[in-house]
Amino acid sequence: VETLAIDGGRPLSGSVRVHGAKNAALPIMAAALMTYGECVLEDVPDLKDIDVMMEILQSLGASVSRQGGTITIEPSGINQYVVQDEMMRKMRSSLFLMGPLLAKHGQVRVSKPGGCTIGTRPIDFHLNGLKLLGAEIQEENGYVECKAARLKGNHIYLDYPSVGATENLMMAAVLAEGTTVIENAAREPEIVDLANFLNAMGASVSGAGDGTIFIEGVERLHPVQYRVIPDRIVAGTLLLAATAAGGEIEVQNVRPIHLGVVLTKLRDAGAEIRTYLDRIQLKRRRPLVAVDRIQTAPYPGFPTDLQAPFMAVLTLAKGTSVLSETVFEERFKHVNELQRMGANIKVDLRTAFVKGVPRLTGANVAATDLRAGAALVIAGLAAEGTTTIEQVHHIDRGYQQIERVFESLGASIRRKSKSRF
Ligand code: EPZ
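Here the residue numbering is sequential within each chain, running from 1 through the sequence in written order. Given that the model is predicted, a residue must reach a pLDDT of at least 70 before its local features are reported, and side-chain atom pairs must reach 80 or more before they are shown or counted; all residues, however, enter totals for whole chains, interfaces and linings. Excluded from the side-chain calculation are hydrogens and water; included are all heavy atoms of the structure.

A. Summary view of the overall build of the protein chain. A count of helices and strands for the protein chain gives 14 helices and 24 strands. The C-alpha atoms of the protein chain give 21 Å as radius of gyration, which agrees with the globular expectation for 421 residues (22 Å, within 12%). Taken along the three principal axes of its C-alpha coordinates, the protein chain extends 65 × 45 × 45 Å. Across the 421 residues of the protein chain, 55% fall into the buried class. Looking at the protein chain alone, contacts between residues at least 24 apart form 72% of all its contacts between residues at least 6 apart. Going along the chain from the N terminus, every DSSP run of H or I of four or more residues is numbered as a helix, and every run of E of two or more is numbered as a strand. Note on method: radius of gyration uses C-alpha positions; expected globular size equals 2.2 Å times residues raised to 0.38. Relative accessibility decides the category of a residue: with a 1.4 Å probe and only protein chains considered, values under 20% of the type maximum give buried, values over 50% give exposed, and everything between is partly exposed. Any pair of residues with heavy atoms lying within 4.5 Å of one another is described as a contacting pair.

What follows is the structure, encoded as structure tokens:
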């Protein structure tokens, strides 16, 4: 079992490059199954979730290899259409296999992902959409089985712009017969990246990034070489860390446009920010001031994935900040842990009221999920004294060698192995 130990209170300085986006790479890896031949994906981050996706593709019969940030996927050996329960439990994104396997091979069986610590996370939009595309769906003993001779285009309206459902349905529709329209589709940059990848393979997808996506089905897709977009959530986390701890940093390989509202709120809180085509410089102006208010929402709204990290910064901002979480119902698990470090936070249903305190103090805390963990790293970097973070495996799902990144910016942060006994 590993922990992170952080001696806080040191300002950050220097320059750091952001890795490719996990949440773009995962669906793109699944989409690569729909070709015949070898797809080469570049700047794929070296993360646990990506390893699990590689394992899943291999378990289905694809050959997959990694060299540095480049992953090669050759799917012609696929002869399995069942995603094992064990894989599904490791990672919810195994759901992304549904669209591609169904579209290309006419069948797929996955176990239903369970609820997770940020909310119930149902999959009804995925299933209803696939049904509209002509899939026959049977649910039994915790498994979902989908079959279709060939999917047929249809008009799909999503009750909520779900990121995963938009991606799954977009993948299913590219090989379907005829036209599919996805209305009230998610507009996240990762959706646009997947559409760009599919189009590079010969698909016909338009409107990704707007609320309505049009897909003309094609017969075949061809393999391509493709570079995944930079991870906007990792970039945001780094900027937030420098705002909390102070100092001056440059974040490279980032698209400022993907962080619109986050940069606005960071400026409101007291950060000085300069944006360039593919990098952002940030310097903290003291003191930090409260932000009223941040409300998470589908893109281009404030990303739910940066709600916890931003809250960590606001614990030190003068005045009372208000943060509302509208996307996932249980995404305030970090509040307890931040309170252990001296934060003054009150939660009323889905809204947190954060009254700034002059300082946080190091404590023993636990990462309950990926972004809650990132929030604790930020708090630890800004706090006085030593913070020890347990359950680091959650953080490793989304941040490649987080301790090295912050060490390179001058932080005192160490990974320690702790015996179970
Ligand atoms: C994606 O999850 C991301 N994961 C999440 O990142 C991110 O927090 C989330 O989008 C929102 O931006 C990946 O891209 C792999 P949704 P996803 O479907 O697709 C409800 C991280 O930390 N819903 O947009 O699962 C759902 O319960 C993670 O990297 C249904 O009701 O999110 C939620 O309230 C965690 N029925 C809302 O929609 C459905 O069938 C948004 O979920 C599907 C979703």
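B. Broad picture of the pattern of salt bridges. Salt bridge, as applied in this entry: a Lys or Arg side-chain nitrogen positioned within 4 Å of an Asp or Glu carboxyl oxygen. Taken as a whole and judged by the stated rule, the model has 20 salt bridges. One salt bridge in this structure joins D43 and R227, with 4.0 Å as the shortest N-O distance. With D43 in the loop between β3 (39-42) and α2 (48-59) and R227 in strand β14 (residues 225-227), this pair connects stretches of sequence that are 184 residues apart. The exposure class assigned to D43 is buried, which follows from its relative accessible area of 14%. Three or more residues are tied together by salt bridges with common partners; here these are E2, D396, E403 and R415.

C. Here's a closer look at the environment of V335. Residue placement: V335 occurs in helix α11 (residues 334-340). With a relative accessible area of 6%, V335 lands in the buried category. Distance from V335 to L376, taken between C-alpha atoms, is 9.8 Å for residues 41 residues apart in sequence. Ignoring any residue separated from it by four or fewer positions in sequence, one finds V335 in contact with M311, I345 and V347.

D. Up close: helix α7 (residues 189-200). Expected span of a helix, by definition, is 1.5 Å for each gap between consecutive residues, and there is one gap fewer than residues. Its twelve residues place the ends of α7 16 Å apart at the C-alpha level, agreeing with the 16 Å of an ideal helix rising 1.5 Å per residue. Positive phi shows up at G202, right after α7, with a value of about 105°.

E. Inspection of the nonpolar core at higher detail. Judged by nonpolar contacts, the single largest core of 80 residues is most densely connected at L97, M170, F197 and L198. Setting aside residues no more than four positions away along its own chain, L97 makes contact with A30, L33, M53, I56, L57, L60, V83 and V108. Listed in part, the 73 residues of the second largest apolar core include L12, A244, L288 and A317. Side-chain atoms within 4.5 Å are what join buried Ala, Val, Leu, Ile, Met, Phe, Trp, Tyr and Cys residues into a set we call a nonpolar core.

F. A look at the sheet that holds strand β17 (residues 279-284). Two strands form a pair only when DSSP identifies at least two bridges running between them. Taken together, the four strands give an open sheet; going across it, the order is β2-β15-β17-β16, and neighbouring strands pair in mixed fashion. Only two strands of the sheet have a single neighbouring strand rather than two, namely β2 (12-17) and β16 (271-275). Adjacent strand axes in the sheet meet at a mean angle of 10°, parallel and antiparallel pairs treated alike. The pairing of strand β15 (residues 247-252) with β17 spans five bridges and is classified as antiparallel. What sits directly across from V251, in β17, is I280. Simply put, an axis is a line fit to the C-alpha atoms, just over the touching stretch for a helix, and the angle between two N-to-C directions goes from 0 to 180 degrees.

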